[in-house]
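Examining the three-dimensional arrangement
One letter stands for each residue in the lines below.
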Amino acid sequence: MTQKRLLLGKIYFQGNIVIKTGLHIGGSNESMQIGGVDLPIIRDSASNLPYIPGSSLKGKLRSTVEKVGTRSVNGKIEKLENNRNIGTFRNQVNIHCCEDFDLAITCDVCRIFGSSGDDRSKLVKKPKAENMPSALLVRDCLLDSSIITQQTEFTEVKTETGIDRKDMSANPRRVERVLPDSIFNFEMIYAVEIISKENKDIRFNAETVKKDLQNILAAMSIIEDEALGGYSSRGYGKIKFNFSSFFARSLDYYYTGDDEKNSTELQSESFDIKQARSYIDEIINFLKEASSSVLAY
């Protein structure tokens, strides 16, 4: 079957992430030194400043939606299972991934974050399952320029000690982490598309887009109450999302550059997830109206 994809517009989430307790997102330690850091944080290779990789934030969002999301199978709603190992045989990393496109289009996780399908063609004589591209783009989160000075320290090294329960010997590890009150900028972009097969159901599905936005914001809210990065059970990684803007742009914007007619925006010095959630219906109504020109062809 042939997939048909029509871009209607994009929805932007912009703001900053305030670090409340020390944050550890690990980087590589290529040169071990005596007395050095056992577990360094990831840093930008050009500036040597810490940052939050988009892949880390997106992965945390995905794993959070996996805990609460559902999908439709033969007309019945079911909870999601972590059915795909993306690690190795010895070091397994299990995630949820729908087996084919028809399931992915109904799945809260795969519809937002994508699915690579299930290559059953190696096992049985049937075509390889179609992929579901990710609708959500998550950029790397760089330090806010307002807090960067030559004198500012952004990290500390904390010694974590594991105690052997048999002989009570100590096993210290030196862990680098980003200091509290550090601020990183975030930007996420959700592509609003009509995805169909064989020209079926060519319409703007407002309920699906609304559910995706609700799931993204819900995941952000859950992360605030959980943590980002490693060592969360030891108190690391408490964060706060602050929005500066939450808006949509129609397809016409990308042809004309006219913001006034072809975008809608909730913009403020700072607002929280609850305020962003209250703006979803206005964004949906704007895109629904804007989609009429695309669907007229």
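Report follows, based on the coordinates. (Residues numbered from 1 in each chain as written. Predicted model: local features only at pLDDT ≥ 70, side-chain atom pairs only at ≥ 80, totals over all residues. Heavy atoms only, no water.)

1. Quick look at the overall build of the chain
Of regular secondary structure, the chain possesses eight helices and 13 strands. Buried residues in the chain amount to 40% of all 297 residues. Once local pairs closer than 6 in sequence are excluded, the contacts in the chain between residues at least 24 apart make up 67%. Just so you have it, the chain exposes about 16600 Å², and 47% of that area is on carbon and sulfur atoms. (Helix = DSSP H or I, 4+ residues; strand = E, 2+ residues; numbered from the N terminus. Buried < 20%, exposed > 50% of the residue type's maximum accessible area, 1.4 Å probe, protein only. Contact = heavy atoms within 4.5 Å. Areas by Shrake-Rupley, 256 points an atom, 1.4 Å probe, with all protein chains shown as cover.)

2. A look at the pairing of strand E9 (residues 155–163)
The sheet contact formed by E9 and strand E10 (residues 170–178) spans nine bridges and is antiparallel. Considered in E10, the bridge of Val157 is made with Glu176. Counted along the chain from E9 to the antiparallel partner E10, the turn is six residues long, and its residue Met168 has a positive phi close to 60°. (Pairing = 2+ DSSP bridges.)

3. Here's the deal with the side chain of Ser263
By the element assignment, Ser263 lies in strand E13 (residues 263–271). Within the local environment of Ser263, its side chain forms a polar contact with the backbone oxygen of Asp259, the two atoms lying 2.6 Å apart. Aside from chain neighbours lying at most four places away, what touches Ser263 is Ala248, Arg249 and Phe286. (Polar contact = N/O pair within 3.5 Å; in protein donor to acceptor, adjacent residues only side chain to side chain.)

4. Overview of unusual backbone geometry
Although it is not a glycine, Asn74 sits at a positive phi angle of roughly 55°. Note that Asn74 resides in the loop between strand E3 (70–73) and strand E4 (76–79). Its relative accessible area of 78% is what places Asn74 among the exposed residues. Residues other than glycine seldom take positive phi values, yet Asp181 does so here, at roughly 75°. Here Asp181 is to be found in the loop between E10 and strand E11 (183–197). Using a relative accessible area of 62% as the deciding quantity, one classes Asp181 as exposed.

5. Some remarks on the environment of Lys58
Tracing the backbone shows Lys58 in helix H1 (residues 54–68). Taking relative accessible area as the criterion, Lys58 reaches 21% and is therefore assigned partly exposed. Each C-alpha atom, one on Lys58 and one on Met188, is 9.2 Å from the other, the two residues being 130 residues apart in sequence. Contacts of Lys58, omitting those with residues within four sequence positions, involve Phe113, Ser134, Leu136 and Val138. Of note is the side chain of Lys58, whose polar atom sits 2.8 Å from the side chain of Ser134. Of note is the side chain of Lys58, whose polar atom sits 2.9 Å from the backbone oxygen of Leu136.

6. A few points about the nonpolar core
Counting 62 residues, the largest nonpolar core has Ile11, Phe13, Met188, Tyr190, Met220, Phe243 and Phe246 as the members making the most contacts within it. Sorting elements by how many residues they give to this core places helix H4 (residues 206–225) first, with eight residues. If we ignore the near neighbours within four places in the chain, the residues touching Ile11 are Met188, Ile189, Tyr190, Val192, Val209, Leu213, Phe246, Phe247, Ala248, Ile283 and Leu287. (Core = buried A, V, L, I, M, F, W, Y, C linked by side-chain atoms within 4.5 Å.)

7. Regarding the packing of H1 against H4
The contact between H1 and H4 brings their axes to 9 Å, and the two run at 105°. Relative to H4, the element H1 lies roughly perpendicular. Side by side, H1 and H4 meet where Lys60, Leu61, Thr64, Val65 and Val68 of the first sit next to Asn215, Ile216, Ala219, Met220, Ile222 and Ile223 of the second. (Axes fitted to C-alpha atoms, helices over the stretch in contact; angles between N-to-C directions. Parallel < 35°, antiparallel > 145°, perpendicular 65-115°, else oblique.)

8. Details of the environment of Leu228
One can find Leu228 in the loop between H4 and strand E12 (239–250). Classification of Leu228 as buried rests on a relative accessible area of 1%. Once you skip the residues sitting within four places of it in the chain, Leu228 turns out to touch Leu23, Ile25, Ile52, Ser56, Leu57, Lys60, Ile223, Gly237 and Ile239.

9. Digging into the pairing of E4
Both E3 and E4 contribute to a ladder of four bridges, which runs antiparallel. Counted as the bridge partner of Thr70 is Lys79 from E4. In textbook terms, the turn of a hairpin is the stretch between consecutive antiparallel strands, and for E3 and E4 this stretch comprises two residues, one of which, Asn74, has a positive phi near 55°.

Function-wise, these values are silent; they only describe arrangement.
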